[in-house]
Amino acid sequence: MKANTTSGKALRQVALRTLWRRKGASILLAAVAALGVFASVALQNVIARQETGMRDMVRNTSIHCVVTDAQGRNSEDLRMYSAFVDMLTGRRHERDCYLDEAVKNVRAKATVQLEQPQGMTLRRILSFDSDSTLSATEGANVRLFDGWTEDVFRTNAAVCMIPEGTETQCGEDGQQYVTAITQDGTSLQLQVIGTVSGRTDNAIRCPFYAQQDSGITELYSVESCSFDILDNERLDACKAAVYEVFVEPSLANTASSRTYGVLIQDKAYLSSLDEFRSSLSLLQLLLPILTVLFGGIGFLASYLTIRGRMREFAVMRCLGMKRRKIFAQVFGGQVLLAFLGAAVGGFAGFLSERAISAAAIGKAGLILAVFLAGAALASRNVTRVNVMKLMKVEE
Amino acid sequence: MNLFSKLSLRRAVFSALLGLLLSAAVAVSSIGVAAWWGANVQREQVNAQYTTIAVPRGDVFWTGLLYENNTPTPFSCQTERDYPGLMADDCRGFLAAHVEGCETLSAYELDNFGSPDFDAYGNSLAVVAVRCTSVAEYNDPIQQAVYDENDELIGTEELIQRSYEATFSIEDIICRFSAYDTVLPEANEISFGSSVFSAEGEVPFEEGKTYLLFGNYEGPSVFYDDFAEEGVSPWEFRAPEIHRMTVSRIDSMTSSGFDTGNLLFSWEKIEDGKKIAYRLTEDSLPFYAEYSGSWQDFLQRDVGQVWRERILPMCQINYESAGVVLTDQMNSLLLFNTGEAAVLEGRSFDAGEYAEGTAVCLVSVAYAQKNALSVGDTIHLDFYQTELGYRENGNYRNNGSAEPILVHGPCRAENRIGVQKDYTVVGIYTAPEFSYGLHRFQADTIFVPKASVPNASAYENILHPLLYSVILKNGTEADFEAYMESLGYGGVFSYFDQDYNALAETLTVISANALRLLVIGSSIFLLAAALFLFLNFRRAKPIAYGLRLLGILRRKVQRELFAATAILTLIAVAVGAALGAALYRVVTARVLSELIALRPGALLLCAALQLLVLLFLAAVCACRISGGKLMQGRRKKSE
């Protein structure tokens, strides 16, 4: 037993000495392993980064949808029932219509002529960008009084913005108010929360649902409407939900006052996403190729580095050493070098990314395993040397 | 035979394995390079799908930015300034065109009676024979700004603006856009008001006399009923039988600072003390002519020549006219950039069509429907250079608003530029049919590549917001704005990037990844090359040493050693490149993207470069191996 231990220790020392003696080959073998591990870690990191980038893109991109008539002729002056907007904003959930679970950032405007103040209109909007005439590019300058934000236009608050210079009344609370009376005699008392100056029209702008209860609202004639897709990861489902209520605009459609189209502007997004996906797929497909290739390289490198030691193995066999022991010695050396290389490669991968993921470790492990399998095969082939034949050749 | 080549052949397995190692490395690095190349192409292509533009805000005086030496000059032409991120200016041209066989669009026809200005100056042109039934003259006080000799405002003075209002019974409608016959209620009367008087400064009409009237025909005034029942037009005519003719919109225009819309007639001011009025200049077309008897006889006489030969044919041509925007990039137009306008059928222009000026065009859905056009059809455009202006919204629905409507002057014989071409419709776009705004266009606007019209730069007008955008490199709007701020022009522009920012980070990742792939591929190649050369020359070293001992010249040994290695290298690189190409093809065939498909040119270049590197290293190694000192070597050996 003791003799066995001693001989095992001696064998290990011989193996180490051999590795040192053939340091060129050892370094190359370790370097190949290091490169394989580094390549797999780097590739895995590249894949992970690409996946994160794609996820961010999917999350951050707004897919705009513009409501048009059924034929796609017009997206302004739609004269669409506000019930459609109610469905988009989630105020109506009739007949299993949950459009608010498919869309967000609904923009809509509806204008009615006012009896009072004379010559003015009341424009209901859901946000500033619902009304292109409020845009700075068109020359409008919007100013909200302190304490008010644009978000109030998504509520049913009785507030409004007025063109600069519009006459107001002072309320009991000291705030400025405007009384808007529509042609059908409906009166709205609206608190002034801001002004619009510059190049703009004579419209009093109030929240789309101003003075409306949260239930079923009055019907307005909506001039324009647009919105964004709620969740791009569920784009197809969201589109399907939208197209349950609206149609895809086409010249072939029949114009109708009850049918409206929605132009979903996802072309650039989908095309970019396709490219990013293809790029990701390419990277994902490169990893198995790299694995197979390093298996091959492992075999080749091991074979080439140990085949020069055949005479040594023959002598060992002549001295009575078992083939298994020779294999263990040779393969042990290869394993040592491979792990050394893997450590260096892994460390280099870590340095390049400042982090190493579990997936990267897994992929590196796989590459190392394939590499070692190749090395084991090479060691097995080389150590199964026919001593008699070898001696004959040497003679 | 080269002794080293013989050695390679004798130890064929070893040589083959060595070659295979190099081939594998070449294959991996080729795949890396191809992936890097593909990723870069992909990034550029994705980038090219997004256009970042800066458009001037309408509430600030921005045109000062475009002046250099008192001449409007686009940014890219302003040599002294280096604007960060600036790629190009899209200085669009504008022309009107007679489109034979294609009628223009009328807002009335599309159930939009809100503003007759939408129809000016195409289908609104009309000639009617009338009998004057009443005339009333007005003298209204107006405030006029007074400036000193330095153009500084020093105050206002009160003047009297003369004007008149006349009503007529309609004798006959000689020329009017055909759709008006069905869309508008039947006309019995027509009203006419203006500040343009006769050459003598008198009201040009007298009760009971008959006249030919020429001008813009407007439907009866309307109001909009928000509560109209389904199927009933929400537009209600106040006095359906009374229509209107106009020659000018002077009265409503003077305060706005916009062009007055005086694109049909030209007139001059006549002042009589504090009273001001206008009269037509001598070269202007007439807007009225008194006649007796029948209007047909009048047209046949010499006095009717201008009506017969110029005005009536002009009306007919303008009923088939359209505005044409000449552009170098559709996405730099604000409405297309923001998605308010989009191609619904067919496609937009491609880079080649912009560059070569191919005769292709985009028309609106409404225009295509009216004229039964579809993608692939051809339309004949005969171009006219007309003035472009804005009319303030005379919209009855949004009464009192000050929104501008873009209008172009009529096609006149004297403005014909002599360019006519057949254009193929490649796309049909959807956009607001008739809308107000500085950056907006109407549904009868046709878009064509700028280079498709000879001398297109002559029709640019960079002072019109619709016709000018600054195109920025994606993601540089912050730098551009910071620079503008440093020049004292902060906040002059609004920026639109088609949501590019949402994917900018992903594109950066793709770039970095592409570079990493290149580094990984190159590292693998270099390491394999080192292994290949080490093993190959280690094998050859004793032979080279022996040959030198036998007295063979160093150069010969070196040459033979290099030649043997070069052959092996050449074969390995060729096999590796082929293997790489095959593997990459297999992979990319599954990925289904043309952009990352293998480019043989790139692969060949990569293989050639690798071969050069290997040959260079082989030459260096051969030189070193064959140049070893024989005595030192022997001593070492004896030791």
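Above this text is the structure in question.
Here we summarise the structure given alongside this text. Note that this is a predicted model, so its numbers are computed, not measured.

Of the regular secondary structure elements, chain A holds nine helices and twelve strands. The globule rule puts the C-alpha radius of gyration for 395 residues at 21 Å, and the 38 Å found for chain A is more than 25% above it. The buried share among the 395 residues of chain A stands at 54%. A sequence separation of at least 24 residues applies to 77% of the contacts in chain A between residues at least 6 apart. Positive and negative side-chain charges of chain A, numbering 43 and 39 respectively, have mean locations separated by a distance of 31 Å.

What follows is about the sheet that holds strand β1 (residues 52-56) of chain B. Two pairing modes exist for strands in a sheet, parallel and antiparallel, and in both the strands are linked by backbone hydrogen bonds. Residues and elements named next belong to chain B. Sheet architecture is open: four strands sit in the order β4-β25-β1-β26, paired in antiparallel fashion. A strand with exactly one partner marks an edge of an open sheet, and here the two such strands are β4 (86-91) and β26 (493-496). On average, adjacent strands in this sheet sit at an angle of 25 degrees to one another, irrespective of strand direction. Where β1 lies against strand β25 (residues 468-472), three bridges are found, and the strand directions are antiparallel. Counterpart to I53 in the pairing with β25 is I471. This element, helix α10 (residues 477-486), spans β1, β25 and β26 of the sheet and lies at about 175 degrees to β26.

Before going further, it helps to spend a moment on the pairing of strand β10 (residues 210-218) of chain B. Two faces, one strand: in a regular strand the side chains alternate between the faces of the sheet. Residue and element names in this part refer to chain B. Counting buried residues in β10 gives nine out of nine residues, a clear majority hidden from the surface. As defined by bridge partners, strand β6 (residues 125-147) adjoins β10 across seven bridges and the pair is classed as antiparallel. When the sheet's bridge partners are listed, V128 is paired in β10 with L213. Bridge count between β10 and strand β16 (residues 288-291): four bridges; the pairing is antiparallel.

Turning next to the nonpolar core. In terms of nonpolar packing, the biggest core is built from 134 residues, with M80, V85 and F246 of chain A touching the most fellow members. When residues no more than four places from it in sequence are discounted, the contact partners of V85 of chain A are M80, V106, A108, L126, F208, Y209, V222 and C225 of chain A. Y121, A366, A368 and L381 of chain B belong to the second-largest nonpolar core, a separate cluster that totals 98 residues.

Next up on the list: the packing of helix α5 (residues 267-306) of chain A against helix α11 (residues 501-549) of chain B. Remark: α5 of chain A packs on α11 of chain B, axes separated minimally by 12 Å, with the N-to-C direction vectors making an angle of 15 degrees. Judged by the inter-axis angle, α5 of chain A sits roughly parallel to α11 of chain B. When the axes of α5 of chain A and α11 of chain B are compared, the crossing they make is left-handed. Contacts between α5 of chain A and α11 of chain B involve S272, F276, S279, L283, L286, L290, F294 and L304 of chain A from the first element and L503, T506, L507, I510, N513, L517, I524 and L535 of chain B from the second.

Let us look at unusual backbone geometry. The omega angle of the peptide bond from Q116 of chain A to P117 of chain A is -5 degrees, so this bond is cis rather than trans. Tracing the sequence through the fold places P117 of chain A in the loop between β3 (103-116) and β4 (121-125). With an omega of -10 degrees, the peptide bond between A120 of chain B and Y121 of chain B qualifies as cis. Mapped onto the fold, Y121 of chain B is located in the loop between β5 (93-99) and β6.

Relative to the assigned elements, A27 of chain B resides in helix α2 (residues 12-48). Through-space distance from the C-alpha of A27 of chain B to that of G521 of chain B is 8.9 Å; in sequence the pair is 494 residues apart.

Further remarks concern the interface of chain A and chain B. Each partner contributes residues to the interface: chain A has 83 residues there, and chain B has 89 residues. The contact between chain A and chain B buries some 7400 Å² in all, and 60% of this surface belongs to carbon and sulfur atoms. Counting across the interface, chain A meets chain B through two salt bridges. A salt bridge links R440 of chain B to E76 of chain A; the shortest N-O distance between them is 2.8 Å. Linking chain A with chain B are 20 residue pairs in polar contact (both at pLDDT 80 or more). It is α5 of chain A that contributes the most residues to the side of chain A that touches chain B, 21 residues altogether.

Moving on, we get to the packing of aromatic side chains. Where two aromatic rings form a pair, the distance of their centres and the angle of their planes describe that pair. Residue and element names in this part refer to chain B. Here the structure, examined in full by the defined rule, presents 46 aromatic pairs over all chains. With centroids separated by 4.9 Å and ring planes inclined at 85 degrees, the aromatic side chains of F168 and F205 adopt a geometry described as edge-to-face. In this pair, F168 is assigned in strand β7 (residues 153-175) and F205 in the loop between β9 (196-197) and β10, connecting sequence segments 37 residues apart. Ring centres of F214 and W307 lie 6.4 Å apart, and the angle between their planes is 80 degrees; this geometry places the pair in the edge-to-face category. With a gap of 93 residues between them, F214 in strand β10 and W307 in helix α6 (residues 305-318) connect regions that are remote in the sequence. Each member of the pair F214 and W307 is classed as buried.

What counts, and at which threshold
Residues numbered from 1 in each chain as written. Chains lettered and ligands numbered in written order. Predicted model: local features only at pLDDT ≥ 70, side-chain atom pairs only at ≥ 80, totals over all residues. Heavy atoms only, no water. Helix = DSSP H or I, 4+ residues; strand = E, 2+ residues; numbered from the N terminus. Rg over C-alpha atoms; globule rule 2.2 N^0.38 Å. Buried < 20%, exposed > 50% of the residue type's maximum accessible area, 1.4 Å probe, protein only. Contact = heavy atoms within 4.5 Å. Lys, Arg positive; Asp, Glu negative; His and termini not counted. Charge placed at Lys NZ, Arg CZ, Asp CG, Glu CD. Pairing = 2+ DSSP bridges. Axes fitted to C-alpha atoms, helices over the stretch in contact; angles between N-to-C directions. Core = buried A, V, L, I, M, F, W, Y, C linked by side-chain atoms within 4.5 Å. Parallel < 35°, antiparallel > 145°, perpendicular 65-115°, else oblique. Left-handed = near helix turned anticlockwise from the far one by under 90°. Buried area = accessible area lost by both parts, 1.4 Å probe. Salt bridge = Lys/Arg side-chain N within 4 Å of Asp/Glu carboxyl O. Polar contact = N/O pair within 3.5 Å; in protein donor to acceptor, adjacent residues only side chain to side chain. Phe/Tyr/Trp six-rings, centres within 6.5 Å; stacked < 30°, edge-to-face > 60°.

Any link to function would need more than the numbers given here.
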